[in-house]
Every structure is written in C-alpha cells, then in structure tokens.
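Chain by chain, the residues run as shown.
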Amino acid sequence: MLALALSAASAQPSVPRGLDGKPDFSGIWQSLSGADYGLEPHLATLDGPPGAGIVEGKAIPYQPQALQRRAKNFAARAAADPRNKCYTLGTPRGLYSNEPFQIFQRPRDLTVLFDFGHPVRTIHTNATEHPDGHIDFWLGDSRGHWEGDTLVVDVTDFNGETWLDRAGNFNSDELHLVEHWSFVDRNTIRYRATFNDPKVYTRPWTLEVLLYRRLEPNVQIIENYCATLEYDKYYPFPSSQ
Amino acid sequence: MRSHSLIIFLLAAAPIVALAQGANGWRETSFVPTPRGEWKGALLPDGQPDVSGHWSNTIGNHNNLTDPQGPLGADDEAASRGNGRRQQKPRSERAPSRVTDPPDGQVPFQPWARAKQEEFLKYLNNPIKPEYVEPFARCAPGGPTKSFEWHGYEIRQFPGYVVFLFDSGNRVIHLDGKPHLPENLKLWNGDSRGHWEGNTLVVDTTNNNSKARLGRSGEFVSENAMIAEQFIFSTNGDPGGDRFTYEATYTDPTVLTRPFTITIPNRRVTDKTPADDWNNLTFLAKHEGSGPTTIEAEPAIEAYERVCVEGNGNHGQVVVETK
C-alpha cells in the first residue's frame, strides 16, 4: 500500500518514497516512550510508570516564574490537564501520546489524523508561508520543507492552551517549534523538536523520540471524540420504550 | 480557559434567503442530480478520479431536513418576523426536502419515532432538558450525512483512502477492503468502506452511534442503522464549476417503516469563489505572488484549523446557561 518508487540515489537503506522521490511517512504510527506521562525523567506515580525522559539535557530550562507555574500545573493536573477535558493534545504532544495517529502524505502536504480528539494537523510542504500576524491555533501552523531525506517543519501560531504532557509541562503562545522528521528504517521515524519560547524558557531545548509503525493487519485509527463522554448520557438513542 | 460545561452556544442557521435566486449558485432552490457514469476527468497516480479540494453544499443549512430553507419549528421567531435575513419565501419557491425517497419528502418513521422527532423539535428553541440541545451545538461531530449540510469542507485523497475534513470532525473512507470495526464500536461518524465505480464513490457506513441528528428538526436513526452512500462526481466542463451529488440511503428497521434517501448537491470551491461565512471559509495561502506553487497547478487555498471547543466562538444566536 505504500508508494514504492525506487530512487536511484538514496543515501539511506530502502525507505518508502512518494512519486516525488521524497521519503513517504504515510502510515499509522505510535510512540512507546511513555513521554506523555512526563517529558523529564520521573519515577512512577499513580498517573503512570517511570520514564528516563526524552529531553536532551534532562531538564526543561524554565524561567523561574514558569517553573512555579509548572509546579502549580502538576498539583492541579487531574482537573487542569486539557487532555482530561478531551481538548486536542496539540503539537507536539499528540505525536508522543499513548494513542496512534495516521500520516497521509502527498507532495503538497502531510495530513496528521489523531486517534484522540477532533482536529487534524496539516503540515504544508508546498512552499507556502505562515499567514500574516499571530493566530491562536490549537495545533499551530506548520510549514515544512525537505533537507535531503529529512522533513524540517516550522511551527508557529500556538494558542498556549495545551500542555506538553500530563506532568504540567507547558509552552506559551509565543512558542516557535522546529521539527525534524526522518526515517531510521522503514518502520521507525526519528522525531526531534526544538522549542524556542522567550516567555517560558531561558534558552532553546530539544526532545527526541522514536515513532513506530503499527504493523498489525487491518489496523486503523478509531474515532475517539472523548469530549462527548460527559454529555453522551443525554443522547441515548430515543428508544421505543 | 474555556468553560466546558456551563455555557452552550446553539449554532447559527444559515441565511435562508440569500442573494437573488442563488446568485453564484451557492443558495440554490433546485438542482439536477449528477448522473452516474464514466469518469472523464483527471486521475490521481493510484487511479482514483481526482476530486481533491474544497467543496460545499449548494443548499446549505442544517436546520430543517425536509424544508432546508424553511423555518425551524412553529416557534421559529426569526422566521415569523418576516424581515431581514429570515424572510420566508413561499414553500413552492424554497428548496425541496432533502429526503428524495420516498417521494413525499418525509422520513418514513414508525409512529413512536415520529413522536420522538416532534418532541425534539418542540423544545429545540427552548431546551428545558440537556437532551433537547443538539449535540452538534456542543461540538460533537455532525454524523456521516449531516456533516455535508453545514460549512464548506475539504476532500483529500491518498492511495487506499478518501478523507473528508469538516469543521466538525472528519471521515475516513477506507478503499482497501479491510473489514469493518467490531460491531459494538459505535462512532459519531461511523466506519466507512468504499470503492470507485466510474464517477461514483460507493460507500457503506456502519458502526453508527447515531447520536448526531440528521437535522436540527430532530430526525434520527438508531445505532442499528446502515448507510449506503454514493458520491457522484460530474466531470470537468460543468458550467459553474465541478459538482457532485451526495446520496445516502438509510436502512433501520427499528426506527423506519422502510429505507429512505437523503440527497445533497455540492459544488467545488476554488480560488475564484467569493469568500463567505458558510460555503467558502478558505483563503489564499501566503506564497510569493499567491499564484500557483511549484506543486499545485492552481493558486493554493487553505482553510483555518478545524477545531470546535465548546464555548470557543461566536457559534450562534442563543446562549443558554445550564447549572
């Protein structure tokens, strides 16, 4: 099902390629990192298992008042985590969450469709630019271009309403994210993201995580509009009783 | 932060009477269904007819399923005022019922189901219980069919898939023949399998939770419903732009006395289509010159991020606070 146009000059072991010769990330992917429980190294809590973290340098370089806000987020996380209100996980949390997502790729864009939540992320790869001004998007505005076999994506226009994990890590609406997507092998993507946010961090920082292709036969994304669960009970199928 | 549960916005109805007899062809009062046949237009590399892009219904409004340009219930005050945007034309001059079969244009409900539909409509403009608020107004997906009765949307195609992106959710049509999801998984937008026959995308949609109504007038089916859909695309050369006819036949012996069919006409949105707040919510992508990019033959148009968060925007004309 993947386009397998053979490229004569591939620097990498054979990976799927589109008809434009670029690596083709189409497929269903999922992180096994547990990073959604906490980006930094953490022991087990009632929320989830321990993890060695995916942040380069271990700790996210918060400004002092931002560190206080993170502590408040953590303490209030059961109610305050936007995920628990079934808001979209946002960018990049949706990529390393515990649920799969699907990438549909064509030359002009990548469509990232998440199991969790409504929104669909579009990464434009047609040499277009961010719209003028600042827009408050849940998923940011993504413009990508290829550097060899690496997709480099520039993301701006965040609304600052999402968290980066369940532990209360966060960004503001001034986040500027730069992502690097590349194949390790045909079933593994290396995803790196560098965060620049002058309202929150003292310097740029980077996380890296692997995304694994879901290989089960007939695997598919299953709609998970959990935002409706709280009021689902008001909409029973009107029965004949 | 958004207040999640206290404030409900009811979605605004589209203007019922527009521009003179559907100027620009976006507010039609009649349409000619596209005939099934060969596809004579462009093909995608995987052999699918190329129907990618932005589209919209030409008879908008998700209010009244059987009288799409008519009032919503006997107590539709805006309609009865008879002025401004909701001025009513006579029934004969309004678009026909979206129900094209049976010929009387009504959903063939069993009597108990008709009573339930009328109850919902009676309280729609005055929802005294939470269940009288249409879930769509609370950002739930529109359901497989009603999603086409609302704003303009986008079609993206890939080997093995046709993907529909609505402001209210999305639908993925699987073309590779994989089996449906297990029967007990009931979804707002169902689970769809399809294939192309000439100019027609033939789809069967199961696993419906059927919580989304078919219109704000309250028509519904059960979670036993099976939906057989056809997306019949005209080929290039249609004056006024590409069109397609959406037909959905609903089978549900627990609610209906016989199957019925909904038909919705649609037209392609291009960079030449005037922007409005309903059919065309796209804009020109920022690109040097805003002409065609190196990849697309036409100027690139985009839509804003499609997100609905309860209470996040000016979605309507009624605000109801619930305790």
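Residues numbered from 1 in each chain as written. Chains lettered and ligands numbered in written order. Predicted model: local features only at pLDDT ≥ 70, side-chain atom pairs only at ≥ 80, totals over all residues.

K.L.:
Sorry, what's going on with the overall build of chain A here?
P.N.:
When helices and strands are counted, chain A shows 4 helices and 9 strands. Over its C-alpha trace chain A gives a radius of gyration of 19 Å, about what one expects of a compact globule, namely 18 Å for 241 residues. Projected onto its principal axes, the C-alpha positions of chain A cover 60 × 55 × 40 Å. (Helix = DSSP H or I, 4+ residues; strand = E, 2+ residues; numbered from the N terminus. Rg over C-alpha atoms; globule rule 2.2 N^0.38 Å.)

K.L.:
I would appreciate a short explanation of the overall build of chain B in the present structure.
P.N.:
Counting secondary structure elements, chain B contains 2 helices and 14 strands. Among the 323 residues that make up chain B, the fraction classed as buried is 46%. Pairs at least 24 residues apart make up 63% of the contacts formed inside chain B by residues separated by at least 6 positions. (Buried ≥ 20, exposed ≤ 12 C-beta atoms within 10 Å, placed from the backbone. Contact = placed C-beta atoms within 7 Å.)

K.L.:
Please explain the interface of chain A and chain B as it appears in this structure.
P.N.:
Think of interface size as the accessible area that goes away when the parts come together; that is how it is often given. Each partner contributes to the interface: chain A provides 40 residues, whereas chain B provides 48 residues. Listed by contribution, the elements that provide at least two residues to the side of chain A that touches chain B are β2 (101–106), β3 (109–114) and α4 (229–232) of chain A. For the side of chain A that touches chain B, the class distribution of residues is 22 nonpolar, 11 polar and 7 charged. (Nonpolar A, V, L, I, M, F, W, Y, C, P; charged D, E, K, R; others polar.)

K.L.:
How should I be thinking about the pairing of strand β11 (residues 260–269) of chain B in this particular structure?
P.N.:
Remember that side chains alternate between the two faces of the sheet whenever the strand is regular. Residues and elements named next belong to chain B. Of all 10 residues that make up β11, 9 are buried, and the element is covered over most of its length. The pairing of strand β3 (residues 99–101) with β11 spans 2 bridges and is antiparallel. In the strand pairing of β11, Val 99 is matched with Ile 262. For strand β10 (residues 243–251) and β11, the ladder comprises 8 bridges, and the chain directions are antiparallel. Bridge pairing in β11 places Glu 247 opposite Thr 263. (Pairing = 2+ DSSP bridges.)

K.L.:
Any chance you could explain the sheet that holds strand β5 (residues 141–147) of chain A here in plain terms?
P.N.:
Consider a sheet: its strands pair through backbone hydrogen bonds, and that pairing is either parallel or antiparallel. Taken in spatial order, the 9 strands close into a barrel running β1-β2-β3-β4-β5-β6-β7-β8-β9 (chain A), and their pairing is mixed. Each adjacent strand pair in this sheet contributes to an overall mean axis angle of 30°, direction not counted. (Axes fitted to C-alpha atoms, helices over the stretch in contact; angles between N-to-C directions.)

K.L.:
Mind showing me how you'd approach the environment of Val 152 of chain A here?
P.N.:
All names here are of chain A. Position of Val 152 relative to the elements: it lies in strand β6 (residues 150–156). The class for Val 152 is partly exposed, based on 16 C-beta atoms found within 10 Å. Between the C-alpha atoms of Val 152 and Gln 30, which are 122 residues apart in sequence, the distance is 20 Å. Setting aside chain neighbours within four positions, we find Val 152 in contact with Gly 144, His 145, Glu 147, Val 178 and His 180.

K.L.:
Hey, could you run me through the environment of Val 51 of chain B in this one?
P.N.:
Residues and elements named next belong to chain B. Its location among the elements puts Val 51 in the loop between β1 (7–11) and β2 (53–57). What makes Val 51 buried here is the crowd of 23 C-beta atoms within 10 Å. For Val 51 and Glu 154, which are 103 residues apart along the polypeptide, the C-alpha to C-alpha distance reads 9.9 Å. Excluding residues within four positions of it along the chain, Val 51 makes contact with Ile 155, Gln 157 and Phe 233.

K.L.:
Is there a simple way to think about helix α2 (residues 111–124) of chain B in this case?
P.N.:
An α-helical turn contains 3.6 residues, so a residue and the one three or four places further along point in the same direction. All names here are of chain B. Along its 14 residues, α2 runs 20 Å from first to last C-alpha, staying within 8% of the 20 Å computed at 1.5 Å per residue. All of the buried residues along α2 are Ala 113, Lys 116, Gln 117, Phe 120, Leu 121 and Leu 124. Buried residues of α2, viewed axially, fall in a sector of 135°; they line one side. Across from the buried face of α2, at angles greater than 90 degrees, the exposed residues are Pro 111, Trp 112 and Ala 115. (Expected span 1.5 Å × (residues − 1). Arc of directions from axis to C-beta.)

K.L.:
Even after reading the chapter, I still don't get the confidence of the model for chain A, so can you show me in this structure?
P.N.:
For residues with low pLDDT, the predicted coordinates do not support detailed interpretation. Residue-level pLDDT values for chain A average 92, and 92% of them are 70 or greater. Contacts of residues 1–10 of chain A to residues separated by more than four positions or lying in other chains number 20 contacts, the stretch itself having pLDDT below 50. (pLDDT = per-residue confidence, 0-100.)

K.L.:
Would you mind showing me how to read unusual backbone geometry here?
P.N.:
Among all residues except glycine, the phi angle is most often negative; among peptide bonds, the trans geometry is most common. Residue Pro 92 of chain A is reached from Thr 91 of chain A by a cis peptide bond, and omega for that bond is 0°. Following the sequence through the fold, Pro 92 of chain A ends up in the loop between α2 (77–80) and α3 (93–96). In this structure, Pro 102 of chain B follows Asp 101 of chain B across a cis peptide bond, with omega equal to 10°. Mapped onto the elements, Pro 102 of chain B comes out in the loop between β3 and α2. Of note in this structure, Cys 139 of chain B is not a glycine but carries a positive phi near 75°. Here Cys 139 of chain B shows up in the loop between α2 and β4 (153–158). Classification of Cys 139 of chain B as buried rests on a count of 24 C-beta atoms within 10 Å. Backbone geometry at Ser 210 of chain B places phi at a positive 55°, although glycine is not the residue there. Here Ser 210 of chain B lies in the loop between β8 (200–206) and β9 (226–233).

K.L.:
I would appreciate a short explanation of the nonpolar core in the present structure.
P.N.:
In summary, soluble globular proteins display a tendency toward joint burial of nonpolar side chains. Leu 39, Val 112 and Ile 189 of chain A are the most contacted members of the largest nonpolar core, which has 92 residues in total. Among the elements that take part in this core, strand β5 (residues 161–166) of chain B stands out by supplying 5 residues, more than any other. Other than its neighbours up to four places away in sequence, Leu 39 of chain A contacts Gly 53, Ile 54, Val 55, Ile 60, Leu 164, Asp 165, Asn 169 and Leu 207 of chain A. (Core = buried A, V, L, I, M, F, W, Y, C linked by C-beta atoms within 7 Å.)

K.L.:
Sorry if this is basic, but what is going on with the pairing of β2 of chain A here?
P.N.:
All names here are of chain A. Burial of β2 is extensive: 6 of the 6 residues sit out of reach of the surface. Taking every second residue as pointing to the same face, both faces of β2 are buried, with Phe 101, Ile 103 and Gln 105 on one and Gln 102, Phe 104 and Arg 106 on the other. Pairing of strand β1 (residues 27–31) with β2 involves 3 bridges; the strand directions are antiparallel. Pairing of Gly 27 across the sheet is with Ile 103, part of β2. Where β2 meets β3, 6 bridges bridge the pair, whose relative direction is antiparallel. Note that in β3 the partner of Phe 101 across the bridge is Phe 114. Hairpin remark: β2 followed by β3, antiparallel, with 2 residues in the connecting loop.

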